[in-house]
Amino acid sequence: MIRSMAQRARDVLLIIAPLAWVESVRWLSGAPPDAGVLWRGLFVAGSLAAAWAGSPRPATGRSWRWPWPTAGVGAVGTLAALWYVLTAATPATWAMVASGYVALLWATQVAAADLPRRLRPALPLGIALLAGLAVAAMGQVEARFSDEEFFVSIQAAALAGLWWWLWQAWHSLGRLVPPPALPARDLALPRPRYTAPPLALAVALAAALCWRAYLGSFFPAQAPAYTDITTDEPFLCGSVPESGQVYNGRAVFQHLIDLLAQHPQKGAPEYGMLALSTGDTEWAQQFRTQLLAEAAAALFAGPANSVKYIQYEASGRVYYYDRVRSTFPGLFSTEDDAKVRAWFAAVNRRALTVEWIDWTYSLALGDWPEGPYANQESGAGLLALLNSTGLADPALTGRNQDYLRRHPGGWDVRFRNTDDAVIYQPEWINNAYYQHLAGGGAQPEQVRRSIEWLLVQALPDGMPLQYNYPIAESSDGAAYLAAQILGDPRYIWLAGRALEGRAATIGYTGAQPGVEGPSDMVGHAPTTGSCLVYGDSGMPNQPGPLAPDKIIFRDGWEPGSAYAMLNLRFTGWHRYKASNTLTLAYQAGPLVADQLEGRTFNWLPVGRRFFRDKRIPRENLSGLLVARSGMSDLIGQLTGGGPWAQDPPFYAGVEQFSTGLEYDSSTTTLSGWRGWSQRRTIRFYHGGPLVVYDQADGPAGVPAAIAWSLPGAAPLAGKRIALRDGPDPAEMVFVGAGALQDEAQESGGRRVLALPAQAGHLTLVSVLLTSGWAGADVQLDSADANLLITSGAQRIIVPLDGR
């Protein structure tokens, strides 16, 4: 009796285990408790009830008897799957997955009957894994693989655990409450023979289709075009008056060397550049000591594990060893040279060694793994340097050259790295330079565009720029290199201004290959104004079409000039969900900026720990938000996750971009995002406000919002929020929205969400006020056709009817 009661208690606990599992997973992921627990409970209870009512029973021979509810579950699942395929409707998703899980419960019981008793416990484990992977894969196909791959694998494990507990709960329910007796007329079906081969074939076919979809998730084959943008002219820019400040090339070079000497963790490249740029034998001796220590430690010659960036770091050692030993002939003895060559030969062998991480890259690149790191062309840069300097492993020179022949890159192929993070462009420029030194082409226009891409995005006060990466990047070294290659004094100016920003922030700089002596040019400020920027798309091994990248609004190049950046893309290997978001609004500091700080997970591989790329949620940016729906909603409910969808379109289309004396403007669009479309119009007034007018329409049953990420902001006060106090105040005013929600961000500042005034239609006018316009009155006229901004005797009338 006691044992029976204990068994019944155990069965009761197992029946509630699936819901407990789901809520535990959500708690571990950081999801707060919500009313959705009722829906999740209904999903679990409905699945168990259907499985219980339709439980198959063994009959004579190989036959099984199936109650009529089995047919009902099959019909519901088929209709739900059809409904989902046609509409991606959320209710269809829940019904389809519930039906599929129930069908797998039945199929597992039937299939287990054919297995030896000792193997039967393994079958549910395998089916659980299959169930979890299938649902996670469908969610990623629906969302264009917009979630971080390692977290998707965790989602799959959580969903597999849910099915496993449903299996346990189903059997417990059957023990507590035996299924209803079979009617006189039921379905009697023979147990199929040889189910494993067709099942394996189906799984393999599904996996192949999923992989194909994954390969297509990084960029589309076609991109929105724009009149006046061509491959020869990928930037469309206005002009601004020239800044009066100039930079002397020699003074800029000296500033570069001074900041290099301040580097707190110098490696061989830093000592090498100091030796070459000063001719000082003491720096040369420190280079020798450091390089031999690194060689003795066999740096970069061991397993890369998850970070193949070490190939880029190794390139710097090869470059500076070749240059320093030529400049200081007696510095390295014959014995030293033999040690260094043996080390570089080991580095060469490691670069051509396929490691586990290469297989993960090959899944995305669609290439058979070979070892060289394709991102930023770091592997190609290393192999090119090893061959051109004669420091390669003699047995591998041919393999190095063969790889370079089959993987053309650098300035011969493109002008920028295709990742959506500015920090990678200087690295790519260095790798392009290494390939150029090895005999690769360096078309002057490609070289110019590669640095111009940095120039048009540069902040006017020279501060390091940051998006989609936890570290800001400065272009000082790359700009000075380009100035020497192209003889363009604007890049001297850019380097000088960037060094001032670097000195004011981190206080030091790193080595810059190719810059070993001063330039006599005098740097004059650029006159480049606001720009529509297109660029190379694709992957390192897959050139894509010319595609929208950024719109940069600029009031000038003085330190206090206003600046704004609108991101137009969600493409590339390192990409984030920034389509049609205002990445940055800046005037003597950031006023609107992406929230780039978040939770890190030390148990992840090093390369996946950073809060970057697809880990940055859409709600951390400043743009349209659309609620999860379909499979995304189901997975988010069952495994934890915010309410907002994470799969914006690849690109924002550009309807118009223009520059003028009074203001510069753009109109950009998103379409087909879970039924929603958005039109964002920006007016950037010179010396005045920044006006952002958003219009969005979508299904009434799918919520949406406009988000603003405001670092350093105070809490919202009515429809106005202070962004900066003091002698140079700044604030933002919101008009036209139905309701405003204000919440604190993890790293400080506020996130403002503007909600629709009516379901399915969202309008919002956001006005950023700085300088003499802070405190201005902002309101719509009586017909809501114009926005009126009034500050004392100044008035701006902004038409909102499309004129």
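A short tour of the structure in this document, coming up. Residue indices begin from 1 for each chain and proceed along its sequence in written order. For this predicted model, a pLDDT threshold of at least 70 governs which residues receive local features, and a threshold of 80 or more governs which side-chain atom pairs are given and counted, while totals over whole chains, interfaces and linings are taken from all residues. Excluded from the side-chain calculations are hydrogens and water; all other atoms, namely the structure's heavy atoms, are used.

**Let's talk about a nonpolar patch on the surface**
Part 1: Taken together, L82, V85 and L86 make up a surface patch of nonpolar side chains, about 350 Å² in accessible area.
Part 2: Numbering of helices and strands starts at the N terminus; helices are DSSP runs of H or I of at least 4 residues and strands are runs of E of at least 2. For L82, the position within the fold is in helix α3 (residues 69-87). Each patch groups residues whose relative accessible area exceeds 30% and which form no salt bridge, using 9 Å between like charges and 5 Å between nonpolar side chains of Val, Leu, Ile, Met, Phe, Trp and Tyr. Under the convention used here, a 1.4 Å probe and the Shrake-Rupley method define accessible areas, while residue burial counts only the protein chains that appear. Salt bridge, as applied in this entry: a Lys or Arg side-chain nitrogen positioned within 4 Å of an Asp or Glu carboxyl oxygen.

**Things to note about the packing of aromatic side chains**
Part 1: Side-chain rings of Phe, Tyr and Trp, where Trp is taken by its six-membered ring, are said to pair if the distance between their centres is within 6.5 Å; with planes under 30 degrees apart they count as stacked, over 60 as edge-to-face, and otherwise as tilted. In total, this model carries 27 aromatic pairs according to the counting rule given.
Part 2: Pairing W66 with W106 gives two aromatic rings, centres 6.2 Å apart and planes at 75°, and the pair type is edge-to-face. Taken together, the residues span a long stretch of sequence, with W66 in strand β2 (residues 63-66) and W106 in helix α4 (residues 90-112) at a distance of 40 residues.
Part 3: Only protein chains enter the area calculation, which uses a 1.4 Å probe; residues under 20% of their type maximum are buried, those over 50% are exposed, and those in between are partly exposed. Overall, W66 belongs to the buried group, its relative accessible area being 13%.
Part 4: Judged by relative accessible area, W106 falls into the buried class, the value being 4%.
Part 5: Between Y319 and Y433, the aromatic rings sit 6.4 Å apart at their centres with planes inclined by 55°, giving tilted as the arrangement. Note that Y319 is positioned in helix α11 (residues 310-327) and Y433 in helix α16 (residues 424-437), a separation of 114 residues in sequence.
Part 6: A relative accessible area of 11% means that Y433 is categorised as buried.
Part 7: Following the ring pairs from residue to residue traces out a cluster consisting of F145, Y214, F218, Y361, Y373 and W573.

**Looking at the packing of helix α18 (residues 476-486) against helix α19 (residues 489-504)**
Part 1: Note on geometry: axes are C-alpha line fits, over the in-contact stretch for helices, and angles between N-to-C directions span 0 to 180 degrees. At a minimum axis separation of 8 Å, α18 and α19 run at an interaxial angle of 165°. Comparing the axis directions of α18 and α19 gives the class roughly antiparallel. Considering the relative orientation of α18 and α19, their crossing is left-handed. On the side of α18, the interface is formed by D476, A479, Y480, A482, A483 and L486, while α19 contributes Y491, I492, L494, A495, A498, L499 and R502.
Part 2: Split by residue class, the contact of α18 with α19 holds 11 nonpolar, no polar and 2 charged. Small angles under 35 degrees read as roughly parallel and large ones over 145 as roughly antiparallel, with 65 to 115 read as roughly perpendicular and the rest as oblique. For any pair of crossing helices, the crossing counts as left-handed if the nearer helix is rotated counterclockwise from the farther one by less than a right angle, and right-handed if it is rotated clockwise. Any two residues whose heavy atoms approach within 4.5 Å at even a single point are treated as in contact. Any residue that is not Ala, Val, Leu, Ile, Met, Phe, Trp, Tyr, Cys, Pro, Asp, Glu, Lys or Arg is counted as polar, Gly included; the first ten are nonpolar and the last four charged.

**Notes on the pairing of strand β16 (residues 663-673)**
Part 1: Bridging between strand β15 (residues 653-658) and β16 involves 5 bridges; their strand directions are antiparallel. Its bridge partner lying in β16, S658 is registered against S665.
Part 2: In sequence, β15 turns back onto β16 through a hairpin of 4 residues.
Part 3: Two strands pair if DSSP finds at least two bridges between them. Bridge analysis of β16 against strand β17 (residues 676-685) gives 9 bridges, and the strand direction is antiparallel. When the sheet's bridge partners are listed, T667 is paired in β17 with T681.
Part 4: Linkage of β16 to β17, two consecutive antiparallel strands, is achieved through a turn of 2 residues, within which R674 is found at a positive phi near 50°.

**Observations concerning helix α17 (residues 444-457)**
Part 1: Here the expected span of a helix is defined as 1.5 Å times the quantity of residues minus one. Between its first and last C-alpha, α17 extends 20 Å over 14 residues, near the 20 Å set by a 1.5 Å rise per residue.
Part 2: Taken as a whole, α17 carries its principal kink of about 25° at I451.
Part 3: Here α17 lies mainly inside the structure; 11 of its 14 residues are buried.
Part 4: Of all the positions in α17, only Q446, V447, R449, S450, I451, E452, W453, L454, L455, V456 and Q457 are classed as buried. We define the bend at any residue as the angle between the axes fitted to the seven residues before and including it, ending there, and the seven starting there.

**Comments concerning the sheet that holds strand β22 (residues 739-744)**
Note on sheets: strands pair through backbone hydrogen bonds, and any given pair is parallel or antiparallel.
Part 1: If you walk across this open sheet you meet the 4 strands as β14-β19-β23-β22, and the pairing is antiparallel. Across the chains shown, the open sheet's two edge strands, defined by having one partner strand only, are β14 (624-626) and β22. Averaged over all neighbouring strand pairs, the angle between strand axes comes to 30°, with direction disregarded.
Part 2: Pairing of β22 with strand β23 (residues 750-755) involves 6 bridges; the strand directions are antiparallel. Among the inter-strand pairings, E743 is bridged to a residue of β23, identified as R751.

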